[in-house]
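The chain contents come next:
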Amino acid sequence: MKYKHIVFDIDGTLIDTEYAVLHSLQETIRALSGREIPCSELKFALGITGIDALKKLEIKDISYAIELWDKNMCKYADTMKVFDGITGLLKNLLSLDYEIGIVTSKTREEFAHDFCQSGISHYFKTIICAENTGIDFALAVWGSHSKHIKADYFLERPADLLSAIT
């Protein structure tokens, strides 16, 4: 066994949150500034922290904007779905005695709002949020729009992780 511990990101890796992230961000910007930005122009926000996305959008009160964005995300909870193949992969990894965890750029509060209702949180013993991060990185290509993200492994489908770690 090449690795003992496998860590996952959430958005675009375990959970398809693209619709929720983009539409809640669009709604947040509209509420804060009155600007109407098409979701296609907000895709840059996928894969970076909410704070970084809001800075790029030149939002002044980042703290309030994050709070509003989290509130807006809750409205789209029914659009967030676990990617096909993920539950099977997690069960398989546990049966092979891997320790699995989460490392995410989400804050602990965002994690609680966005992930806990997914039905897969019980698989993870270790959860590291934005407040504490680091490690080898595998990009879940199935949920990423940016092929320019630096990664050690590029996974086309969830099952590809098994071949990368053995």
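Please refer to the structure placed before this passage.
Residues numbered from 1 in each chain as written. Predicted model: local features only at pLDDT ≥ 70, side-chain atom pairs only at ≥ 80, totals over all residues. Heavy atoms only, no water.

Quick look at the overall build of the protein chain
What counts here: Numbering of helices and strands starts at the N terminus; helices are DSSP runs of H or I of at least 4 residues and strands are runs of E of at least 2. For the radius of gyration, the atom set is restricted to C-alpha positions; the globular benchmark scales as 2.2 Å times the number of residues to the power 0.38. A 1.4 Å probe rolled over the protein chains alone gives each residue an accessible area, and that area as a share of the maximum for its type sets the label: buried under 20%, exposed over 50%, partly exposed in between. Contacts between residues were defined by any pair of non-hydrogen atoms, one from each residue, lying within 4.5 Å. The Shrake-Rupley method, run with a 1.4 Å probe sphere, supplies the accessible areas, and residue values consider only the shown protein chains as cover.
Helices and strands together make up the secondary structure of the protein chain, namely six helices and seven strands. Sequence-ordered secondary structure for the protein chain, helices as α and strands as β, is β-β-α-α-α-β-α-β-α-β-β-β-α. Its C-alpha atoms give the protein chain a radius of gyration of 16 Å, near enough to 15 Å, the size a compact globule of 166 residues would have. C-alpha atoms of the protein chain, sized along the principal axes, occupy 55 × 30 × 30 Å. Across the 166 residues of the protein chain, 41% fall into the buried class. Look at the contacts in the protein chain between residues 6 or more apart in sequence, and 66% of them connect residues 24 or more apart. Summing over all exposed atoms, the protein chain offers an accessible surface of approximately 9,300 Å²; the carbon and sulfur share of this is 53%.

Thoughts on the nonpolar core
The criterion, for reference: The term nonpolar core refers to a set of buried residues drawn from Ala, Val, Leu, Ile, Met, Phe, Trp, Tyr and Cys, joined through side-chain atoms within 4.5 Å.
By size, the foremost hydrophobic cluster in this structure holds 43 residues, and its most contacted members are Phe 8, Leu 14, Ile 100, Phe 115, Ile 120 and Phe 124. When sequence neighbours within four positions are dropped, the list of residues in contact with Ile 120 reads Leu 14, Ile 15, Val 82, Ile 86, Thr 87, Leu 90 and Phe 115.

What about the pairing of strand S4 (residues 99-103)?
Stated formally: Strand pairing is defined by DSSP finding a minimum of two bridges between the two strands. By definition, the crossover connecting two strands over a helix is right-handed if that path, from the first strand to the second, turns clockwise as seen with the strands pointing away from the viewer.
Burial within S4 is extensive, with four of its five residues counted as buried. Note that strand S1 (residues 5-8) and S4 share four bridges and pair parallel. Paired with Phe 8 across the strands is Ile 102, a residue of S4. Sheet topology note: the S4/strand S5 (residues 126-128) ladder contains three bridges and is parallel. Bridging across to S5, Val 103 finds its partner in Ile 128. In this region the chain leaves S4, passes through helix H5 (residues 108-114) and returns to the parallel neighbour S5; the handedness of that crossover is right-handed.

Section: the sheet that holds S4
Quick reminder of the rule: Interaxial angles span 0 to 180 degrees and are taken between N-to-C directions of axes, which are lines fitted to C-alpha atoms, for helices over the stretch in contact.
On the basis of which strands lie adjacent, the open sheet formed by three strands has the order S1-S4-S5 and parallel pairing. Of all the strands in the sheet, the pair left with one neighbour each is S1 and S5. Ignoring which end each strand starts from, the neighbouring axes of this sheet average 25 degrees apart.

Structural notes on the side chain of Ser 144
Here Ser 144 shows up in the loop between strand S6 (138-140) and strand S7 (153-155). Accessibility expressed as a relative area gives 14% for Ser 144, which makes it buried. If we skip the residues at most four places from it in the chain, Ser 144 touches Gly 12, Leu 139 and Ile 149.

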